[in-house]
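# Examining the three-dimensional arrangement
Chain by chain, the residues run as shown.
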Amino acid sequence: MDVKQYLHIIWAFLVRDWQRRWSYKLNFVAMLMYPIVWVSVFALLGRTVDEGGDMGLEGGFATYIVVGIITWRFIRVGFFDSSWSIRWEQHIGTFKNIYMIPHHLLVPVSATALSGFTVSILNFFEMWLVAELVFGISLNLTFPSFLFLLLAWMSVIGFGFVIAGVAVLYKEIQAVFTVIFFSFQFFCGVFFPVSSLPRAAQYISRAIPITYALNGMRTSMNHGYIPTSDVLVMIVAGVIGMIIGLITLHLCLKKALKEGKLERY
Amino acid sequence: MEIVVECLEKSFGDTQALKGISFEVDKGEIFGLLGPNGAGKTTTVKILATMLLPDNGLTKIRGLDVVRYPKKVRDLVDVITARDKFYRRLTGYQNIRFFSRLYKVDDWRSKMEEYGDHLGLDESDFEKRLADYSTGMRQKLNLIRNMVRETPILFLDEPTLGLDPVSSRKFRSLLKDVMEREKKTVIFTSHNMFEVEELCERIAILKDGQITMTGDPKELKDKIFPKRMIEFSYRDGSDLDIQDPYIDSIKKTRDGKIQVFLEAGDRVHDVVRKILDHGRVSNISVKEPTLEEVFIKHTDEEERSENEVTSWM
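Anyway, here's the lowdown on the structure attached to this text. Predicted, not measured: the structure shown is a model, and the values here were computed from it. Along each chain, residues carry numbers from 1 onward, in the same order as the chain's sequence is written. Chains carry letters and ligands carry numbers; both start at the beginning, A for chains and 1 for ligands, and go up in the order they are written. Under the rules for a predicted model, residues below a pLDDT of 70 receive no local features and side-chain atom pairs below 80 are neither given nor counted, while totals for whole chains, interfaces and linings still include all residues.

So, about the overall build of chain B. Counting from the N terminus, the helices are the DSSP runs of H or I reaching at least four residues and the strands are the DSSP runs of E reaching at least two. Per the secondary structure count, chain B includes 11 helices and 14 strands. Principal-axis analysis of the C-alpha atoms places the extent of chain B at approximately 70 × 55 × 30 Å. A pair of residues counts as a contact when their C-beta atoms, built from backbone coordinates, are separated by no more than 7 Å. Restricting the contact set of chain B to residue pairs at least 6 apart, pairs at least 24 apart contribute 70%.

Before going further, it helps to spend a moment on the interface of chain B and chain A. The interface of chain B with chain A comprises 26 residues on the first partner and 26 residues on the second. Put simply, the parts of the chain that give the side of chain B that touches chain A at least two residues each are helix H2 (70–74), strand E6 (77–81) and helix H3 (92–102) of chain B. Looking at which element gives the most residues to the side of chain B that touches chain A, the answer is H3 of chain B, with 5 residues. The residue makeup of the side of chain B that touches chain A, split by class, is 12 nonpolar, 2 polar and 12 charged. Residues are grouped as follows: Ala, Val, Leu, Ile, Met, Phe, Trp, Tyr, Cys and Pro are nonpolar; Asp, Glu, Lys and Arg are charged; every other residue, Gly included, is polar.

What follows is about helix H9 (residues 209–223) of chain A. Three- or four-residue spacings in an α-helix give side chains the same orientation, since the helix completes a turn every 3.6 residues. All names here are of chain A. Between its terminal C-alpha atoms H9 stretches 21 Å, which fits the 21 Å expected from 15 residues at 1.5 Å a residue. Residues with at least 20 other C-beta atoms within 10 Å of their own are called buried, those with 12 or fewer are called exposed, and the rest are partly exposed. The C-beta atoms themselves are positioned from the backbone. Burial runs high along H9: 12 of the 15 residues are buried. Of the positions making up H9, those classed as buried are Pro209, Ile210, Thr211, Tyr212, Ala213, Leu214, Asn215, Gly216, Met217, Arg218, Ser220 and Met221. Looking at the buried residues of H9, the elements they touch are helix H3 (60–92), helix H6 (143–169), helix H7 (173–187), helix H8 (199–207) and helix H10 (228–259). After H9 finishes, the residue glycine 224 shows a positive phi value of roughly 80°. The span expected for a helix works out to 1.5 Å for each residue beyond the first.

Our focus in this paragraph is the packing of H6 of chain A against H7 of chain A. Residue and element names in this part refer to chain A. Angles here are taken between N-to-C directions and fall from 0 to 180 degrees, while the axes themselves are lines fitted to C-alpha atoms, restricted in helices to the stretch in contact. Between H6 and H7, whose axes approach to 8 Å, the crossing angle comes to 150°. The angle between the axes of H6 and H7 places the two elements in the roughly antiparallel class. Here H6 contributes Ile163, Val166 and Ala167 to the contact with H7, which in turn contributes Ile173, Gln174 and Phe177. Among the residues forming the contact of H6 with H7, the class breakdown is 5 nonpolar, 1 polar and no charged. Roughly parallel means an angle under 35 degrees; roughly antiparallel, over 145; roughly perpendicular, 65 to 115; everything else is oblique.

The structure is reproduced here in structure tokens:
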């Protein structure tokens, strides 16, 4: 399959998804408003906490928590879009027509992930602008920090493929993964520093790549550079995640093809 | 041969869905797979459409092994079922444009309008969201999606399921028209004998994962019902007095109707001619068995022979 054809398919998914989003006008507005409300709540919370006293966090708690939720949301949308892709099409009954394209299923799955990525980008800039302009929280976003954010997104896509594959076989598994992913908020330092967690929980934190993504983003915004160790973790996690994701997706699809679970029309 | 299926087997756990079926479909042929629910029709179609891996057997489409070259096969085939869905919030145009982009079709709009014209959908219909489409309109759009894609081989897996009788009849007539125009190779599955008889040139009867009989509708009828009955009455109430070596028996009913029983075949017309020459006839009819009667008798016979074997054992 040539690159031109792949881009053509990605474009098809992008247009479809944005047309679908636009067709629900109120939902579309909610999609735009939700990150603004989200960032506003946490910016205000951060400010309130900062007024109460210094917590010893670099840049203050408001900056800490806003960077945390912006990065978290960016990663989360990409992750869920790649993991939901097949399951969603199966659920609404359109999967068969997607599957019948003469390409590997990875093509539509990755196209859906990239389509979700555009929402991540939009939400990210909304939140960033509101934090900077409305709440005066300086995030010092630089091009390298934005590239690092992309790297963080890419590092979880492979794990999204794992869920996409497993969900084809075990329909309810999505709920389990949703709980696990959301528990990462607790471990990865989205709302509070990892150092404030119990010692045992900190080991779990260190095993989750998102912890390094958040640390890298905060260092980048506070000091203008990204720790090499965080970049390396992101790259290694991305490569390992992608390998595991592709293998899992391949095996699960093969099993689904054998058991007749791929397309239950 | 466009489609070759040899000794195809598939099991789901302990259930053997296909027990070594074999058939071939010629280019441009409309082949029917007829059978009750659970006979293995959908399983066969899914294997041919690369949506399911077989346990054993060979399946080839235009010489390509379906298991080894699934992507190439998907470039040649398409499936239409009654359960196919579109994106409800998108319009007909938006849906077809999306799928056309996936299938590398450039001039989708002109094709869509051309086929729409043929199927009775116009621009105003295409501008509606799918949520506002009736089941019949959705199936027409599904057919358009396939026609725009222009695959030479089409699998129609119970495409009229859920349609009311009028829509079902319309859809069948459209299908027939389209199939004649496009010269596609088609496998049509259904448990509706009437539509299989109307659309298919050749039929395989599938029961419990096995093909129990294959042939064109006439062959199947002649095989299961080798006798035909000509029923008529003479206006003057007279009896039939003709000699024909092919006539098995003649009966007269209480209401004065004469029933002539004879072997199915060309002789039926000769005998009808003789009857007409013999006197003034009213209400003459040759009782042809329907495919449904063939199917029911055939499956009954199968079950009976199975029971006999069981009791003998």
